[in-house]
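Read off the chains here:
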Amino acid sequence: MSRANEKLVNQLKSRFYDFLQWEDNEQHFQKMLPQWVKCIANALNAIQAALYRTDGGDWNRLYLSSCFKNNQNLPNQLTRIEIEKYVHHHSVYISKNPLMDPLSPFNTVLQFRVEEGEYWYLFLYLSKEWMTEDRHSQLLAIQSLCETFIKNVVKMERVMDEERQFKELYQFTEKIHSTMDIHFVLKEIIGTLKRVFPNYSFTLMLTNDHESLEELPVEYLEFDSDDDVALQAYVEGKVLIADSYHQVATNLYAPLKGNQGVYGVLKVSAPYSIIFPKTQLEFIRLLVNTAGSALENAKLYEQSKRLIADLQLINETSHKLNSNLRLLDTIQFLHQQITDSFHSSATGFVFCFDDHNKVIPGSSPFFKEEVGKWYISYVRKQFDRDREALLIGDLLGKLDSEVPFRSLMAVPMRHSEELIGLCITLHEQPYHFTFEMFKLLQSLIHHSTLALSNSMLREELEKMVITDHLTKLYSRNYLDESVIKSMTEDEQGTFIVIDIDNFKQVNDTYGHQVGDKIIIQVANIIKNNIRASDIGARWGGEELAVYLPNVSYIIGYTIAQRLVEKVRMETKPRVTISCGVSYWNKSKKDSLERLFHRADMALYEAKNRGKNQAILQKDI
């Protein structure tokens, strides 16, 4: 080698040494390699230069790392096969003609062996003066110098990577062992991995007993999943690696394992077929082992909190139900407890009789709809057959059409082994309810059934006291009490007394059984033509009554006329009625006795005027 060439090599050696003395940080390598390429290009008077290097474990794929001058037409990556057809086993390859596209106009390639199987390549576009034998020996010397430099750079880079990885691992461990939040632990796993391995993608494959984790890359492990390797890693608790030919990727599966079990699998995907370096494998193993222990601690902590909350809920519910609530209040309280505890979208309570089901007031309105009745019928059939509570993760397919709610929990209410009712709670999303929720609902309903049964019996007894046995209208005593209360609290009210015309003749003609049926028909017509807040009552014998709180005499009189018309048209055998209508308002002092007396006088007048009509006290 000539003195001039030797001088050039020494100058490069000195410059390379300066590069290695740069500040030891991550930005150092990002800035250094472009400067290094520029340094060589300037030393060789190259018209253009480009460095292709490996990245990660895939040594058969090289990426454009740095370039000198124009890089617009250069490919971002090359395969070793594309390069090997030029260089073969030569450290320096020089061509008199430019290389073929996409490597035109380069005519020189320097090959650097980093380690066994891993190579970097520097492409140069040199002038013809470099085609001589003497120049070739100089390029060999420069190639050898560059190769040594690159090996040192790679070693430094890997040492820095390892330092960065273990620093991240230390920070990760410090963070997750100071929290009992499962969501935070999972978020830190993904965040740490993305910082350490920005070119890989990550998926947390978890069992479906986790709450919503929409912002994280989560898939749920199913035992009928197509990803057999993930299931194998979960079952065996071992790190497994498999190539995905469909995705052209290499996947690493690392179980998130604690002392008591496996809580999921971390899937690491490289965007190409690679061999994961030992340092990366060790880092991932350490991270998932640490994460598995932290997940286990967090889950145990959450389970203990949930158990305490469940016991508090059952205790609070039992205490509340033992305070002799009305049936409606009991159902509304249970409905709210279930909604708050399980985030249900619809909850229904149903009494079960031999021939029908009755939705209890206080349930979600959905169960009054036709599709809601299908849910009740479906659950009732399951209970009649199996007698067991139901937890269904996905109802899709149970109906011929689309179902509005796909998650279902249902618990029977039994008293002395007899099915008296059931509780159903629903959610739109499949697999919303966990097994822990299911067990809690069973316990809640079990502790509530006796209170519900007692509330129902108590209200039935109360209803019997205030209800006429024959007509199922209210009793005279209840009517009197209600009118007195209304006259104290309301602004006005209308009272209608009703008498079935010629009722003795009906009894004499058809018999007393038909007479009773006539009274029942008239009572049913009354019930169907007044509001829930109005009071229909048995006045005595064939006389009935209606009280309309907060209703003016004009509207009350209209209702009386409608009743007269309805009875005449709908009874069989046909009968008619006469009505006396009285009213009161707060502008004038009044009493129950005077109100009833005025209605009696109006009824007497209706009889005298030919029956089958309504008379208002004002008309007397």
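In case you missed it, the structure is sitting above this.
Throughout what follows, the structure given in this document is the object of discussion. (Residues numbered from 1 in each chain as written. Predicted model: local features only at pLDDT ≥ 70, side-chain atom pairs only at ≥ 80, totals over all residues. Heavy atoms only, no water.)

1. What about the sheet that holds strand β16 (residues 418–427)?
Each strand in a sheet pairs with its neighbour through backbone hydrogen bonds, running either in the same direction (parallel) or in the opposite one (antiparallel). Across the sheet, five strands lie side by side as β13-β12-β16-β15-β14; this open sheet has antiparallel pairing. Across the chains shown, the open sheet's two edge strands, defined by having one partner strand only, are β13 (357–359) and β14 (390–392). When strand polarity is set aside, the average angle formed by the axes of neighbouring strands in this sheet is 20 degrees. The sheet contact formed by strand β12 (residues 346–352) and β13 spans three bridges and is antiparallel. Bridge pairing in β13 links C352 to N357. (Pairing = 2+ DSSP bridges. Helix = DSSP H or I, 4+ residues; strand = E, 2+ residues; numbered from the N terminus. Axes fitted to C-alpha atoms, helices over the stretch in contact; angles between N-to-C directions.)

2. Thoughts on the packing of helix α13 (residues 512–528) against helix α14 (residues 553–570)
At a minimum axis distance of 10 Å, the contact between α13 and α14 shows a crossing angle of 135 degrees. As summarised for this structure, α13 and α14 are arranged oblique, according to the angle between their axes. Helix-helix and strand crossings are classified by hand; for α13 and α14 the assignment is right-handed. Contacts between α13 and α14 involve Q521, V522, I525 and I526 from the first element and L563, K566, V567 and E570 from the second. (Parallel < 35°, antiparallel > 145°, perpendicular 65-115°, else oblique. Left-handed = near helix turned anticlockwise from the far one by under 90°. Contact = heavy atoms within 4.5 Å.)

3. As for the side chain of D468
Topologically, D468 is positioned in the loop between α10 (435–466) and α11 (476–489). Apart from the residues lying within four places of it in its own chain, the contact partners of D468 are L473, Y474, S475 and R538.

4. Remarks on the pairing of strand β15 (residues 407–415)
Among the nine residues in β15, seven count as buried, and that is most of the element. Taken together, the three bridges between β14 and β15 define a ladder with antiparallel strand orientation. The residue bridging I392 from the neighbouring strand is L408, located in β15. Strand direction decides the pairing type here: β15 and β16, joined by nine bridges, are antiparallel. Of the residues in β16, the one forming a bridge with S407 is H427. Linkage of β15 to β16, two consecutive antiparallel strands, is achieved through a turn of two residues, within which S416 is found at a positive phi near 55 degrees. (Buried < 20%, exposed > 50% of the residue type's maximum accessible area, 1.4 Å probe, protein only.)

5. Quick notes on the packing of aromatic side chains
Overall, the coordinates contain 19 aromatic pairs when judged by the stated rule. Aromatic side chains F366 and Y375 sit 5.5 Å apart centroid to centroid with 65 degrees between the ring planes, which places their arrangement in the edge-to-face category. Overall, F366 belongs to the buried group, its relative accessible area being 11%. Using a relative accessible area of 0% as the deciding quantity, one classes Y375 as buried. Relative to Y378, the ring of W374 lies with its centre 5.2 Å away and its plane at 15 degrees, an arrangement referred to as stacked. In this pair, W374 and Y378 are both assigned in helix α9 (residues 370–386), four residues apart and thus about one turn of the helix distant. The exposure class assigned to Y378 is buried, which follows from its relative accessible area of 16%. In this structure, R476 is placed above the aromatic ring of W539, and the distance from its NZ or CZ to the ring centre is 3.6 Å. (Phe/Tyr/Trp six-rings, centres within 6.5 Å; stacked < 30°, edge-to-face > 60°. Lys NZ or Arg CZ within 6 Å of the ring centre and 35° of its normal.)

6. Focus on the sheet that holds strand β20 (residues 577–585)
Strands sit in the order β18-β19-β17-β20-β21 across an open sheet of five strands; the sheet is mixed. Because the sheet does not close on itself, it has two edges, and the strands there are β18 (535–540) and β21 (614–616). Shown here is a sheet whose adjacent strand axes are inclined to one another by a mean of 20 degrees, direction ignored. Looking at chain direction, strand β17 (residues 492–500) and β20 are connected through nine bridges and run antiparallel. Each residue of the ladder has a partner; that of I500, found in β20, is I577.

7. Let's talk about the side chain of D480
Among the secondary structure elements, D480 is positioned in helix α11. In this structure D480 touches L592 and F596, once residues within four positions along its chain are discounted.

8. Describing α14
The end-to-end C-alpha distance of α14, which contains 18 residues, comes to 25 Å, matching closely the 26 Å that a straight helix rising 1.5 Å per residue would cover. What α14 keeps buried is the set G556, I559, A560, L563, V564 and V567. Along the axis of α14, the buried positions cluster into a sector of 145 degrees, meaning they face one direction only. Set apart from the buried face of α14 by more than 90 degrees, the exposed residues are I554 and M569. Each element contacted by the buried residues of α14 is listed here: β17, α13, β19 (543–549), β20 and β21. (Expected span 1.5 Å × (residues − 1). Arc of directions from axis to C-beta.)

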